[in-house]
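Residues per chain, in single letters:
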Amino acid sequence: MSSTLLPEEQALDSHKATRSRDSKRYGFFPGCVAKESCKELFNSTMLLAEKLGIELIELTAASCCGASVVNDVNRDVARVLNARTYAQAEALGLDDVITICSTCTGHMRAANKELLENEEQMDQANAILGKFGAKYAGTVTVRHLLWLLIDDIGLDNLRAMVVRPLNGLKVAPFYGCHIIRPESVNGWESARNPHSLEDIIEAIGGEAIDYAGKTRCCGFHIQLEKDNVATDMVGQNMRMAKDHGAEAVLTPCPLCHLALDGYQQDSAARWGRTDLPTFHLPQLVGYALGIPADLLGLQKHLIDPRTIMVERELIS
Amino acid sequence: MAKIKLDLFRFDEAVDTVPHRDLVEVEVPETTTVLDALEWAKAEVDGSISFRRSCRSAICGSCSMNINGITGLACKTNCKDVIKADGSISVDPMPNFQPMKDMVVHMDPFWDKYSRLKPYLQPKDADTDHATERRVSPEDMKKLVAVANCVMCATCYALCPVVSVDPAFAGPAAIAYAYRFIEDVRDGQRGERIAQISEDYLWLCAHCYACSYCPKHVDPNDRIIDVKRAAISDKVMMGERGPRHALTVSKTIKQTGMLAETEVVLGTVGRFNVIAQIKVLPLALRLMSRGKLTPFEMATGGTAPMLGLPSIKPIPKVDEVRTIFESLEVPV
């Protein structure tokens, strides 16, 4: 095992542990997709953090959360992988781990809930972590950036920071299943009638569209399973959004983003053209807070969001 | 007493071509359930209002319907919890079913999927070989109790987004009920049952947890994962995309600490399945054209695994991740 310090270990004095919320220093778990095909999400998150005056300390040695898939192979492995991640945060004196993906949020919270509520599972995890000198004491909370924006920054403060309001751009919120369901795991807001994304959209000067698709599934996890099923789920939801007047979609989940941005074109055959550009949460908030559009990686999307932004005179 | 406006879906397949809505005012005690409010409307206002019901205690599973857009048992839903600001409650039939009359729907697709399971015990040996009844330990029975509580109300089936676009999917209730027999120590058809439910698209579950709203806490979402695990541990239909996906994801995490996207796509559709690869190619090219995937990432995702190498750069301290996989004897 290497004894070289990780970047976050070099930057932080782990003996000065304080609550993340007070110090505005958070453990940051970007997840796999934000480091691979949605790098624009990672970049825009870091730019937004700087704007907000918070420090996101990336846990660079953290593993995948299990992606809701490894549970299909083994009932314990995702829990222990996540315990390892929490142990890394604790070692740095960080009690908050911030995610930017709905699936990471749900599965990391589920693992943490099991660890904290079940002594046997905590012991099992620590027995394995002990093999490489790590230990999880159970002090970590997993939260999504969306919740941080509302709880720690606050909607009023956010509103006050807006320099480029969205001029009433009609935005359809798309939550992604695992940030709301199951409610026993997430429970930050009502799973059946959430409104955090709507609150954010309105705080930055947009108009939130209400439609039944907002809490439905994007089909990401079965994109490869059977032809057309996941594509139809994208088409069905985007049709609903479009029919309710949406001009764009906002999602806190890069998996939803890949599905909605990537498969809308293919869903047109059955559901008609919808062509709704999809923003990652920190992109749209970042834009409103004055981060230049090109730095937010909007040009990386398959359905170019800049078209509607030019039309609505948000960018030239 | 509270005045409630019931905004009702009305349709009779025998005479109507399109549904219409009726607004029916009822005056009922504040603590009344939606089912009791409907009973009042039927008894006092319009006897033709149709809905299924029997026990009024969340035991029979008859009265699932869509209440203010949310599917659940009318007998378990209190009016005061769902009444809208304008004093109304909208009542519709369950989605994902063909309406027959008002809130009564054609349940056939749901029952068909259930009967395909052969939902009865098929023991390993003949009754005559047994001097006593077949016994189950409390420990073994514990696993089955939650699923045995299923009242087949079809709420989960109505909520399932996969069923809504592909009626071939078995749906949550059938998979949960398959689990009930797969894990029953007295049953002799475990392998056949896992194969049957796999053929009925076990692996098409979208992991969305919509069925976590089960009114009887069967939690089909968790039982679906249990059945998938049984399929992998018994090695049933391992050539299918579902098991290949789960195993490739696990393998890339063990090897690199991360879910390696390109390798997962190729490992799931089949490294040598050219036709399937051609189908995913347009999206890959679109992702590349926007710089979301680099040609290098595509190339290493395609070739590195064949050389036994990780397709993406492993995370720091990846040997710790491998220790976790090895300690738990994960079969990848």
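Residues numbered from 1 in each chain as written. Chains lettered and ligands numbered in written order. Predicted model: local features only at pLDDT ≥ 70, side-chain atom pairs only at ≥ 80, totals over all residues. Heavy atoms only, no water.

1. Comments concerning the packing of helix H10 (residues 229-243) of chain A against helix H11 (residues 254-271) of chain A
Residues and elements named next belong to chain A.
- At a minimum axis separation of 7 Å, H10 and H11 run at an interaxial angle of 85 degrees. Considering their axes alone, H10 and H11 lie roughly perpendicular with respect to each other. Here Thr231, Asp232, Val234, Gly235, Gln236, Met238 and Arg239 of H10 lie close against H11, whose contacting residues are Ala259, Leu260, Tyr263, Gln264, Asp266, Ser267, Arg270 and Trp271.
- Considering only residue class, the contact of H10 with H11 consists of six nonpolar, five polar and four charged. (Axes fitted to C-alpha atoms, helices over the stretch in contact; angles between N-to-C directions. Helix = DSSP H or I, 4+ residues; strand = E, 2+ residues; numbered from the N terminus. Parallel < 35°, antiparallel > 145°, perpendicular 65-115°, else oblique. Contact = heavy atoms within 4.5 Å. Nonpolar A, V, L, I, M, F, W, Y, C, P; charged D, E, K, R; others polar.)

2. Comments concerning the layout of surface pockets
- Space inside the second largest pocket adds up to approximately 960 Å³.
- Looking at the second largest pocket, it is lined by 32 residues, and the ones nearest its centre are Ala212(A), Thr215(A), Arg216(A), Gly69(B) and Ile70(B).
- In terms of residue class, the lining of the second largest pocket is built from 15 nonpolar, 11 polar and six charged. (1 Å grid on protein atoms, 1.4 Å probe; cavity = no way out; pocket = protein on both sides within 12 Å on 5 of 7 lines; lining within 4 Å. Points joined across faces, edges and corners; volume = space filled by probe spheres on them.)

3. Some thoughts on the interface of chain B and chain A
- Counting residues at the interface gives 65 residues for chain B, matched by 68 residues for chain A.
- Across the chain B to chain A interface the summed buried area is about 5,900 Å²; carbon plus sulfur atoms make up 61%.
- Between the two partners, chain B and chain A, sit nine salt bridges.
- The partner of Arg84(A) in a salt bridge is Glu320(B), and the shortest N-O contact between them spans 2.9 Å.
- On the surface where chain B and chain A come into contact, there are 27 residue pairs in polar contact (both at pLDDT 80 or more).
- Examining the composition of the side of chain B that touches chain A, we find that eight residues originate from one element, helix H10 (residues 241-256) of chain B, more than from any other. (Buried area = accessible area lost by both parts, 1.4 Å probe. Salt bridge = Lys/Arg side-chain N within 4 Å of Asp/Glu carboxyl O. Polar contact = N/O pair within 3.5 Å; in protein donor to acceptor, adjacent residues only side chain to side chain.)

4. A closer look at the sheet that holds strand S3 (residues 64-67) of chain B
Residue and element names in this part refer to chain B.
- Sheet architecture is open: five strands sit in the order S2-S1-S5-S3-S4, paired in mixed fashion. The open sheet is flanked by strand S2 (20-28) and strand S4 (70-73), the only strands paired with a single partner. Direction aside, neighbouring strands of the sheet carry axes that sit 35 degrees apart on average.
- Pairing between strand S1 (residues 2-10) and strand S5 (residues 88-92): four bridges, direction parallel. When the sheet's bridge partners are listed, Leu6 is paired in S5 with Ile89.
- Each of S1, S2, S3 and S5 touches helix H1 (residues 34-44); the most contacted strand, S2, lies at about 100 degrees to it. (Pairing = 2+ DSSP bridges.)

5. Quick notes on the confidence of the model for chain B
- With 100% of its residues at a pLDDT of at least 70, chain B reaches an overall mean of 94.
- Complex prediction metrics read pTM 0.95 and ipTM 0.94. (pLDDT = per-residue confidence, 0-100.)

6. Some points on empty space enclosed by the protein
All names here are of chain B.
- With the rule as written, the count across this model stands at five cavities of 30 Å³ or more.
- A volume near 170 Å³ is recorded for the largest cavity.
- Residue lining of the largest cavity: 19 residues in total, with Cys205, His207, Cys208, Tyr209 and Ile224 positioned closest to the centre.
- Counting residues per element, the lining of the largest cavity draws most heavily on helix H9 (residues 220-233), which supplies four residues.
- A breakdown of the residues in the lining of the largest cavity according to their chemical character gives 13 nonpolar, four polar and two charged.

7. Details of the packing of aromatic side chains
- Applying the stated criterion to the full structure yields 10 aromatic pairs over all chains.
- Aromatic side chains Phe28(A) and Phe42(A) sit 5.9 Å apart centroid to centroid with 25 degrees between the ring planes, which places their arrangement in the stacked category. Residue Phe28(A) is found in strand S1 (residues 25-29), and its partner Phe42(A) is found in helix H3 (residues 39-52); the two are separated by 14 residues along the sequence. Of the two residues, Phe28(A) and Phe42(A), neither departs from the other in class, the shared state being buried.
- Feature note: the residues Phe97(B), Phe110(B), Trp111(B), Tyr114(B), Tyr157(B), Tyr177(B) and Phe181(B) constitute an aromatic cluster, connected by ring pairs.
- Sitting over the ring of Tyr201(B), Lys226(A) keeps its end group 4.1 Å from the ring centre.
- Taking the ring centre of Phe181(B) as reference, the NZ or CZ of Arg180(B) above it sits at 4.6 Å. (Phe/Tyr/Trp six-rings, centres within 6.5 Å; stacked < 30°, edge-to-face > 60°. Buried < 20%, exposed > 50% of the residue type's maximum accessible area, 1.4 Å probe, protein only. Lys NZ or Arg CZ within 6 Å of the ring centre and 35° of its normal.)

8. Some remarks on the sheet that holds strand S4 (residues 141-144) of chain A
Residue and element names in this part refer to chain A.
- Ordered by their spatial adjacency, four strands build an open sheet running S2-S1-S3-S4, and the pairing between neighbours is parallel. Of all the strands in the sheet, just strand S2 (55-58) and S4 have a single pairing partner and so form its edges. Pairs of neighbouring strands in the sheet enclose a mean axial angle of 40 degrees, with direction left out of account.
- The pairing of S1 with S2 spans four bridges and is parallel. Counted as the bridge partner of Gly27 is Ile57 from S2.
- H3 rests against S1 and S2 of the sheet, and its axis sits at about 140 degrees to S2.
- Most of the contacts of helix H7 (residues 145-153) go to S4, to which it runs at about 90 degrees, and overall it touches S1, strand S3 (96-99) and S4.

9. A word on helix H3 (residues 108-115) of chain B
Residue and element names in this part refer to chain B.
- Phe110, Lys113 and Tyr114 are the residues of H3 that are buried. Around the axis of H3, the buried residues are gathered within 100 degrees of arc, so they sit on the same side.
- Along its buried surface, H3 packs onto helix H5 (155-159) and helix H7 (172-182). (Arc of directions from axis to C-beta.)

10. Quick notes on the domain arrangement of chain A
All names here are of chain A.
- Domain annotation for chain A reports domain 1 (16-145) and domain 2 (154-311).
- Each of domain 1 and domain 2 was reduced to a C-alpha centroid, and the two centroids are 24 Å apart.
- Between domain 1 and domain 2, the contact holds 26 residues from the first and 30 residues from the second.
- Taking both partners together, domain 1 and domain 2 bury about 2,200 Å²; carbon and sulfur atoms supply 72% of that area.
- Our count for the contact surface shared by domain 1 and domain 2 stands at zero salt bridges.
- Counting across the domain 1 and domain 2 interface gives eight residue pairs in polar contact (both at pLDDT 80 or more).
- Sorting the residues of the side of domain 1 that touches domain 2 by element identifies H3 and helix H5 (102-117) as the ones contributing at least two each. (Domains from an automatic or database assignment.)

11. Points about the nonpolar core
- Formed by 183 residues in total, the largest nonpolar core has its most connected members in Leu158(A), Ile200(A), Leu281(A), Val285(A), Phe97(B) and Val162(B).
- Take this core: its biggest share by element is nine residues, from H7(B).
- Discounting chain neighbours no more than four positions away, the residues touching Phe97(B) are Val105(B), His106(B), Met107(B), Phe110(B), Ala154(B), Tyr157(B) and Ala158(B). (Core = buried A, V, L, I, M, F, W, Y, C linked by side-chain atoms within 4.5 Å.)

12. Focus: the pattern of salt bridges
Residue and element names in this part refer to chain A.
- What the rule picks out here adds up to 45 salt bridges over all chains.
- Residue Glu247 pairs with Arg312 through a salt bridge whose shortest N-O separation is 2.5 Å. With a gap of 65 residues between them, Glu247 in the loop between H10 and strand S7 (248-251) and Arg312 in the segment after helix H13 (306-311) connect regions that are remote in the sequence.
- Looking at Arg312, the relative accessible area reads 24%, which means it is partly exposed.
- Salt bridges here are not isolated pairs; linked through shared partners, they connect Asp96, Arg143, Asp151 and Asp152.

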